[in-house]
Each structure stands twice: as structure tokens, then as C-alpha cells.
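A look at the structure
Each chain is listed here by its residues.
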Amino acid sequence: MSSAQWHCASCDGPHEGRFAMAAFAPDPWPGSGGYEENGAIRFDGDFLSEDFCVLDGQYFMVRACLDIPVHGMDTPFSFGAWSTLSRENFDKYLKGFDDGDYLDMGPWSGWLCNKLEDYVGNAPLAVWVVPQSDRQRPKLYVMDDNHPLAIDQDNGISPDQVLEIYDYYGHRPSELGGYPG
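Notes on the structure follow. (Residues numbered from 1 in each chain as written. Predicted model: local features only at pLDDT ≥ 70, side-chain atom pairs only at ≥ 80, totals over all residues. Heavy atoms only, no water.)

If you look at soluble globular proteins, the nonpolar side chains tend to sit buried side by side. Within the largest apolar cluster, 34 residues are counted, with the highest numbers of intra-cluster contacts made by Phe 77, Tyr 93, Leu 140 and Leu 149. With five residues, strand β6 (residues 59–68) is the single largest residue contributor to this core. Ranked by size, the runner-up nonpolar core spans nine residues in total, among them Ala 23, Ala 25, Trp 29 and Cys 113. (Core = buried A, V, L, I, M, F, W, Y, C linked by side-chain atoms within 4.5 Å. Buried < 20%, exposed > 50% of the residue type's maximum accessible area, 1.4 Å probe, protein only. Helix = DSSP H or I, 4+ residues; strand = E, 2+ residues; numbered from the N terminus.)

So this is what it looks like as C-alpha cells:
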């Protein structure tokens, strides 16, 4: 699963091995189109870049990584998701973003802003947002230890569950039973 090449029956594209999935924007994002430059951030109205989002000048979000270990694999499945931050913590994150040096490495509280397969529906899900050094995106950890996603973050998922996530988002291997080859 980690290195096999396979053809996607849904998007008709070739893929290789396991890959991360990512949400383009927070689910409440009202706009469309592309990203603005990170350095053009503004706090009035709506703003979206690859790493930052501001809604109505009062809601602040950052792109982060929600990792789930995969049984038998060295690296986790990673879902690029967005989380809210308070204005205070958003400012701290911005200040350390360019050099990856944060005086306060968190964890900071936030709300997950994207649905993730069957794990997360429309109800808000509280997460810990943990900044990373060396310009790596923050890591997200579900606060509720009894939530199915938190349990899987602790215990891991099977490779077949990763395939189910791919299928949910329209990247199903063309052969039944998993990866070809």
C-alpha cells in the first residue's frame, strides 16, 4: 500500500502509494477560486490563503494536519484540515510562522472546520492545535478521548480503512479488494 501504483476508478487518474488528503478551505468558507498570498493577509472581510483564513474579520482559522496512524505503516494517514483559533493564538501563530519559532507551542484549543468522512458530521468537534517547528503545519488532536476519531488517532486504523476514506472522497482503486499489483 505504501508504494504500489494504482489507477483511480473515480477521478481516472494514476496514484502511487498512500497519499494525504486535504480540504481546500474551511467548510464555512463562502468564496470560490484560488488562494491569495500568505503575506497579503488582512483582517477585514474574508481572506483565504494556503495557510490562513479569516471570515467576516472575526473568525480565524489555520490549515493543519490531522494524522491517523495506519497499522503496519511507518507514516500516518494525514488529512489536511482547518481549525479555528482565538485571535490571540492566531496572532501568535502568525508571528512565528515565517521562522517556525513559537514562544508558546500550545496546545491551543480550536474547532475542526472540515468534515472527515464518517468521523465528523455537522456538529463542532473540539481539537487541540499544536504548532510545529521548522515551518511544519500544526498538528490537530481531538479533545474528546471517547470520540471515534480520537480513538483512531490513538490506536490507528487498518489499510482498508484508508481505502474507505479515499473512496469517500472519490479516489477508489479501480480493482476491487484494494490496491492492484
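All right, on to helix α2 (residues 148–155) then. Within α2 the residues assigned to the buried category are Leu 149, Ala 150, Asp 152 and Gln 153. Take α2 and look down its axis: the buried residues cluster within an arc of 165°, on one side only. Residues of α2 that are exposed and point more than 90 degrees away from the buried face comprise Asp 154 and Asn 155. Where α2 is buried, its residues meet β6, β9 (125–130), β10 (139–142) and α3 (159–168). (Arc of directions from axis to C-beta. Contact = heavy atoms within 4.5 Å.)

Note on terminology: disulfide describes a covalent bond linking the sulfur atoms of two cysteines. Evaluation of the coordinates by the stated rule reveals zero disulfides. The thiol of Cys 53 is unpaired, and the distance to the nearest cysteine sulfur, on Cys 113, comes to 8.0 Å. (Disulfide = S-S within 2.5 Å.)

This brings us to unusual backbone geometry. Located in the positive-phi region is Asp 56, a residue other than glycine, with phi close to 55°. Among the secondary structure elements, Asp 56 is positioned in the loop between β5 (52–55) and β6. Even without a glycine there, the phi angle at Arg 135 is positive, about 60°. Tracing the backbone shows Arg 135 in the loop between β9 and β10.

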